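What follows is the residue order along each chain.
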Amino acid sequence: MTDLDPVRRLHALAGGIRGAYVTEAHIDAPFERVWDLLGDLDGAFGQVVPDMERLRVVRRQGERVEALARSKYGMRARLRGVQRPGWCWLQSRFLLVGVAAAPDGPGTRVAFTGGVRLPARAALIPLGVRREGGRSVERLTALL
């Protein structure tokens, strides 16, 4: 069995969620620089993800993370998931955030997915997901 890099893994997981869309891009910056921003959940992450006004990690145990999120629209969520170099998958009952990065030559491939979840169903409401993914790529590029 072949191991999937984080970007391919994100595509695979999102493929099992109705309404999910993955935005993928190549960034002309080394993986370490890119992941320093994307992996900073308490700081730069909120500057990259357009809808995220604030994200605060409240518990971390190894790769397991629990965070409180607040959107720019005032919605709040307690997210739980996994974060490791190149990978972050956080979800609550109503929200999903997935980010991945993998070295690609001298640059980095990045991928974003997420959205508002339909409770008790493996589905996302697809409104604005493509636009938000594109804006995340733009913001990340600007910060680098």
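Residues numbered from 1 in each chain as written. Predicted model: local features only at pLDDT ≥ 70, side-chain atom pairs only at ≥ 80, totals over all residues. Heavy atoms only, no water.

A. Molecular detail of the pattern of salt bridges. Evaluated as defined, the whole model comprises seven salt bridges. Linking E24 and R109 is a salt bridge whose minimum nitrogen-to-oxygen distance equals 3.8 Å. You can see E24 sitting in strand β1 (residues 23-27) and its partner R109 sitting in strand β7 (residues 107-117), a full 85 residues away along the chain. Given a relative accessible area of 14%, R109 falls into the buried group. With a shortest N-O distance of 3.2 Å, R59 and E66 are connected by a salt bridge. Taken together, the shared-partner salt bridges in this structure form one network comprising D5, R8, E24 and R109. (Salt bridge = Lys/Arg side-chain N within 4 Å of Asp/Glu carboxyl O. Helix = DSSP H or I, 4+ residues; strand = E, 2+ residues; numbered from the N terminus. Buried < 20%, exposed > 50% of the residue type's maximum accessible area, 1.4 Å probe, protein only.)

B. Expanded view of the environment of G133. Relative to the helices and strands, G133 is located in helix α4 (residues 129-143). Judged by relative accessible area, G133 falls into the buried class, the value being 7%. The sequence separation of G133 and Y21 amounts to 112 residues, and the corresponding C-alpha distance is 8.5 Å. In this view, G133 contacts T23 and F112; residues no more than four positions away in its chain are not counted. (Contact = heavy atoms within 4.5 Å.)

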